[in-house]
Each structure stands twice: as C-alpha cells, then as structure tokens.
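# Reading the structure
The primary structure of each chain is shown beneath.
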Amino acid sequence: MIIRVLTEGQYKLEGEALNELDRLDNYLLDAISNNDEEGFNRYFREVLALIRGHGNKVPDTELVESDLILPAPDTTLREARELFASYPRDLL
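Residues numbered from 1 in each chain as written. Predicted model: local features only at pLDDT ≥ 70, side-chain atom pairs only at ≥ 80, totals over all residues. Heavy atoms only, no water.

## Points about the overall build of the protein chain
If you tally the helices and strands in the protein chain, you get 3 helices and 4 strands. Secondary structure elements of the protein chain, listed N to C terminal, follow the sequence β-β-α-α-β-β-α. Here the protein chain has a C-alpha radius of gyration of 13 Å; the compact-globule value for 92 residues is 12 Å, and the two agree. Across its three principal directions, the C-alpha atoms of the protein chain cover 40 × 25 × 20 Å. Taken across its 92 residues, the protein chain has 42% of its residues classed as buried. On the protein chain, roughly 5,600 Å² of surface is accessible, and the fraction owed to carbon and sulfur atoms is 46%. For the protein chain, the distance from the average position of its 10 positive side-chain charges to the average position of its 19 negative side-chain charges is 3 Å. (Helix = DSSP H or I, 4+ residues; strand = E, 2+ residues; numbered from the N terminus. Rg over C-alpha atoms; globule rule 2.2 N^0.38 Å. Buried < 20%, exposed > 50% of the residue type's maximum accessible area, 1.4 Å probe, protein only. Areas by Shrake-Rupley, 256 points an atom, 1.4 Å probe, with all protein chains shown as cover. Lys, Arg positive; Asp, Glu negative; His and termini not counted. Charge placed at Lys NZ, Arg CZ, Asp CG, Glu CD.)

## A closer look at the pairing of strand β2 (residues 9-12)
Bridge count for strand β1 (residues 2-5) against β2 is 4 bridges, and the pairing is antiparallel. Pairing of V5 across the sheet is with G9, part of β2. In this structure, the hairpin formed by β1 and β2 is closed by a connection of 3 residues, where T7 is found at a positive phi of approximately 80°. As judged from the 2 bridges shared by β2 and strand β3 (residues 56-57), these two strands associate in the antiparallel manner. Considered in β3, the bridge of K12 is made with N56. (Pairing = 2+ DSSP bridges.)

## Here we look at the pairing of β1
Summarising the sheet, β1 and strand β4 (residues 68-70) pair through 3 bridges and their orientation is parallel. Considered in β4, the bridge of R4 is made with I69.

## As for the pattern of salt bridges
Opposite charge on two side chains makes pairing possible when the charged atoms of those side chains draw close. Inspection of the entire model under this criterion finds 5 salt bridges. For the salt bridge of E20 with R23, the shortest nitrogen-to-oxygen distance reads 2.6 Å. Pair noted here: E20 and R23 are both in helix α1 (residues 16-33), with a separation of 3 residues, about one helical turn. On the accessibility criterion, E20 (27% relative accessible area) is partly exposed. Taking the relative accessible area as the measure of exposure, R23 reaches 37% and is therefore partly exposed. (Salt bridge = Lys/Arg side-chain N within 4 Å of Asp/Glu carboxyl O.)

## Re α1
Under the 1.5 Å per step criterion, the end-to-end length of α1 is 26 Å for 18 residues, consistent within 8% with the ideal 26 Å. Looking at the buried side of α1, the elements it contacts are β1, α2 (37-54), β4 and α3 (77-83). Two residues or fewer past α1, N35 is found with a positive phi of approximately 55°. (Expected span 1.5 Å × (residues − 1). Contact = heavy atoms within 4.5 Å.)

## A word on the sheet that holds β1
Reading across the sheet, the 4 strands line up as β3-β2-β1-β4 and stay open at both edges, with mixed pairing between neighbours. Of all strands in the sheet, those bounded by a partner on one side alone are β3 and β4.

The structure is reproduced here in structure tokens:
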C-alpha cells in the first residue's frame, strides 16, 4: 500500500505492518468521533511512527498513485474531524 503523508511524501507499507496500521487507524477514528483530543494525538503519532518506521520512503522523483492520504503531522483534532469525515473504517 502506498501512503502519502502530506508535507512528507510517500511510503510503501507491506505485510504485518498493514494489519497494525488498520488496528491503529480504527482507534484513531474512534478518538476523532468521540472528540478525544488526547487519544487523537496519541494514535495519530502512533500511525505516523508506524508508517515512518516500517514503510519504505518512495523517492520524490518516482510518480506513484497513493492508496491512502494522511494529513500533515501537525493536524489538529478539529481539522481531522473534517478531513476524516469520509475516511474508510477498514483499510484492508
């Protein structure tokens, strides 16, 4: 799966990391829907850390369509409520 993190670029994530991403992503969506700012901040940081730590950065010179686009790392809960409004619950 190719994931774009706005302001950072694209990462290729595969294997078991995708299952972990799906799990964390569901927690993140729960935090957003419950207006839980602390949970949102924690899970968004964990999602980004997983992508950065287990994903392979796609070179900026390579043009690849993104399967998933995440907002910039400094996104607030308020912004996330709007950005994630139509976001899929399950990624896999």
